[in-house]
Amino acid sequence: MKNFVSGLFMVISLGLNAQNDPYLQAIDIFDLEYVSDPQISKQGDHILYVRNFKDIMTDRSLSNIWLADFNGNRKRPLTTGNQRDYSPRWSPDGSRVAYISNQDESRQIYKNGLDTG
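Residues numbered from 1 in each chain as written. Predicted model: local features only at pLDDT ≥ 70, side-chain atom pairs only at ≥ 80, totals over all residues. Heavy atoms only, no water.

1. Re the nonpolar core
The tendency in soluble globular proteins is for nonpolar side chains to be buried side by side. The condition is simple: Definition of nonpolar core: a set of buried residues of the types Ala, Val, Leu, Ile, Met, Phe, Trp, Tyr and Cys, connected through side-chain atoms within 4.5 Å. Exposure categories follow from relative accessible area, calculated using a 1.4 Å probe and restricted to protein chains: below 20% of the type maximum is buried, above 50% is exposed, and the middle band is partly exposed. Only runs of H or I of at least four residues qualify as helices and only runs of E of at least two qualify as strands under DSSP, and these elements are numbered from the N terminus. In this analysis, two residues are considered to be in contact whenever any of their non-hydrogen atoms come within 4.5 Å of each other.
Membership of the largest hydrophobic core is limited to 10 residues, which are Leu48, Val50, Ile65, Leu67, Leu78, Trp90, Val97, Tyr99, Tyr110 and Leu114. Secondary structure elements with two or more residues in this core: β2 (46-55), β3 (60-69) and β6 (96-101). Not counting residues up to four positions away in its chain, the partners in contact with leucine 114 are Leu67, Arg76, Leu78, Trp90, Gly94, Ser95 and Val97.

Have a look at this one:
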């Protein structure tokens, strides 16, 4: 568990600029991605997390909710798009996920079934 969570937080994607400059440039901030807010299911077999990224065209921070098996295999997005989805939480029976999103231009609470979307 510790290794997976450590690995989850260490997921960083950094694309270097066109000249392959070894130093971090200001524009490189748009190539950084990181995860936050891991939520382990009650059964301990799945982890919800927030995948954070930047949009260079709008200069905004965005995020989507992802689901991974506990062993780190099979990762898939539960939400997609250019919005901020965050604070995922498991339902008591583990079949649904609630989260906050600004996908409709205002913050609202949404819920998704893991199998039905």
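Having put the structure on the table, let's press on.
2. Points about the packing of aromatic side chains
Basically, it comes down to this: Each Phe, Tyr or Trp ring (for Trp, its six-membered ring) is paired with any other whose centre lies within 6.5 Å, and the angle between the two planes then decides the class: stacked below 30 degrees, edge-to-face above 60, tilted in between. Geometrically, a lysine NZ or arginine CZ counts as sitting over a ring once it is within 6 Å of the ring centre and also within 35 degrees of the ring normal.
A complete count under the given rule lists 1 aromatic pair for this structure. Seen from their ring centres, tyrosine 99 and tyrosine 110 are 5.8 Å apart, and the 20° between their planes marks the pair as stacked. Placement of the pair is tyrosine 99 in strand β6 and tyrosine 110 in strand β7 (residues 108-113), with a sequence separation of 11 residues. A cation over an aromatic ring shows up here: arginine 51 above the ring of tryptophan 66, its NZ or CZ 4.6 Å from the ring centre.

3. Quick notes on the sheet that holds β2
Our working definition: Criterion used throughout: strands pair if DSSP finds at least two bridges between them. Note on method: axes are straight lines fitted to C-alpha atoms, helices fitted across the in-contact stretch only, with angles between N-to-C directions ranging 0 to 180 degrees.
Taken together, 4 strands build an open sheet; the order of strands is β1-β2-β3-β4 and the sheet is antiparallel. Each end of this open sheet is capped by a strand with a single partner; those strands are β1 (34-40) and β4 (75-77). Averaged over all neighbouring strand pairs, the angle between strand axes comes to 30°, with direction disregarded. One ladder, built from 3 bridges, connects β3 with β4; its direction is antiparallel. Across the sheet, the residue bridging to leucine 67 is arginine 76, located in β4.

4. Focus on the pairing of β1
Note: β1 against β2, 5 bridges, orientation antiparallel. Considered in β2, the bridge of isoleucine 40 is made with isoleucine 47. In sequence, β1 turns back onto β2 through a hairpin of 5 residues, with glycine 44 there showing a positive phi of about 80°.

5. Section: the sheet that holds strand β5 (residues 85-90)
Strand order across the open sheet formed by 3 strands is β5-β6-β7, with antiparallel pairing between neighbours. The strands lining the two open edges of the sheet, one partner per strand, are β5 and β7. Looking at each pair of strands side by side, their axes are set apart by 25° on average, direction ignored. Relative to β6, β5 is paired through 4 bridges, and the arrangement is antiparallel. Following the sheet pairing, tyrosine 86 is matched in β6 by isoleucine 100.

6. So, the environment of asparagine 71
The condition is simple: The definition of a polar contact used here is a pair of N or O atoms within 3.5 Å, where within protein one atom must be able to donate a hydrogen and the other to accept one, and adjacent residues in sequence count solely through side-chain atom pairs.
Here asparagine 71 shows up in the loop between β3 and β4. Spatially, the C-alpha atom of asparagine 71 lies 8.4 Å from that of histidine 46, the residues being 25 residues apart in sequence. Reaching out from asparagine 71, the side chain makes a polar contact with the backbone nitrogen of asparagine 73 at a distance of 2.9 Å.

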